[in-house]
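# A closer look at the structure
If you want the building blocks of each chain, they are given just below.
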Amino acid sequence: MSARNSIMTAALLALAVPFGAASAQTTVVNQAVTQTEVLAAQRAWCDALVSISTTHASQGQAAAKALAERVIDAAYGYQMGAVLFKPTLTVAPQTFRTTRAGALAYFVGGDTAFPNDKGFALNGWTKCEIANSAIFIAGDSATTMGNVSITGPNGAVTTVDKTWKFVKDDAGRLRIVVHHSSLPYRPN
């Protein structure tokens, strides 16, 4: 039997199998991202930032670092490869943080390889809110752009422009694979 005939025979046999019988054994993998998942991931990020800050205030640097490690491992996709992370307050030559170690240093400081990092998440943040300008969902990924406003211990609010891209890992959990944050442009 030729290869073409084998393919056609297999196709015809597939059509001949009752629909219920075939679908009962079919595994469906759906990596589609939903708006609800995106909003939950953003909320979790905000909650984690405040939690790292309050943990630092109540339990110290080591506890804040341990929590930040868990947060990074749960929220970001470093286990999938490089994450395109551009934090708000970084300077060349360490502006971009494509590694887990770079992200951790940014959030909690204390890494001699990143001497300018003092620990952004340790600033006593008490509140974090997200105002999306738009959410673009395309199948297995979602990109958001908008503002994140964080409140400091004295009540002052800092607002940053933020873009995130999320994809699902093999377990179906959303992971941040792009994170760009910057202070809004202020003309002279």
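Before going into details, it helps to say that this report is about the structure given with it. Numbering of residues starts from 1 in every chain and runs along the sequence as written. Given that the model is predicted, a residue must reach a pLDDT of at least 70 before its local features are reported, and side-chain atom pairs must reach 80 or more before they are shown or counted; all residues, however, enter totals for whole chains, interfaces and linings. Think of the side-chain values as coming from all heavy atoms in the structure, minus any hydrogens and water.

## Observations concerning the state of the cysteines
Here, two cysteine sulfur atoms that lie within 2.5 Å of each other are counted as a disulfide. All chains considered together, the criterion is met by 1 disulfide. Residue Cys46 pairs covalently with Cys128 via a disulfide, S to S 2.0 Å. Every disulfide takes its handedness from the sign of the S-S torsion; for Cys46 and Cys128 that torsion is -50 degrees, giving left-handed. You can see Cys46 sitting in helix H3 (residues 35–59) and its partner Cys128 sitting in strand S2 (residues 127–138), a full 82 residues away along the chain. Per-residue accessibility, obtained with a 1.4 Å probe over protein chains only, is compared with the maximum for each type, and a residue is labelled buried under 20%, exposed over 50%, and partly exposed between these values. When its relative accessible area of 0% is taken as the criterion, Cys46 is described as buried. Labels follow the DSSP assignment, with helices taken as runs of H or I lasting at least four residues and strands as runs of E lasting at least two, numbered in each case from the N terminus.

## Here we look at helix H5 (residues 100–108)
With respect to burial, H5 is a largely interior element, 7 of its 9 residues being buried. Every residue pair with non-hydrogen atoms within 4.5 Å of one another is taken to be in contact. Elements in contact with the buried residues of H5: H3, helix H4 (61–75) and strand S1 (84–86).

## What about the sheet that holds strand S4 (residues 157–168)?
Overall, mixed pairing links the 5 strands, which are arranged S1-S5-S4-S3-S2 in an open sheet. Two strands lie at the open edges of the sheet, namely S1 and S2, each paired on one side alone. Pairs of neighbouring strands in the sheet enclose a mean axial angle of 25 degrees, with direction left out of account. In terms of strand pairing, S1 meets strand S5 (residues 174–182) through 3 bridges, oriented parallel. Of the residues in S5, the one forming a bridge with Lys86 is His180. For helices, the fitted line uses only the C-alpha atoms of the stretch in contact; every axis is such a line through C-alpha atoms, and the angle between N-to-C directions lies from 0 to 180 degrees. Each of S2, strand S3 (141–151), S4 and S5 touches H3; the most contacted strand, S2, lies at about 150 degrees to it. We treat two strands as partners when DSSP finds at least two bridges between them.

## Looking at the environment of Val178
Within the secondary structure, Val178 is located in strand S5. Accessibility expressed as a relative area gives 22% for Val178, which makes it partly exposed. Val178 sits 92 residues away from Lys86 along the chain, and the two C-alpha atoms are 8.2 Å apart. The contact partners of Val178, leaving out residues within four places of it in the chain, are Val83, Leu84, Thr163, Trp164 and Lys165.

## Observations concerning the pairing of S5
Note: S4 against S5, 8 bridges, orientation antiparallel. Looking at the pairing, Thr163 lines up with His180 of S5. Linking two consecutive strands that pair antiparallel, namely S4 and S5, is a turn of 5 residues; a positive phi of about 85 degrees is found at Gly172 within it.

Everything listed here is a matter of geometry and, on its own, says nothing about what the molecule does.
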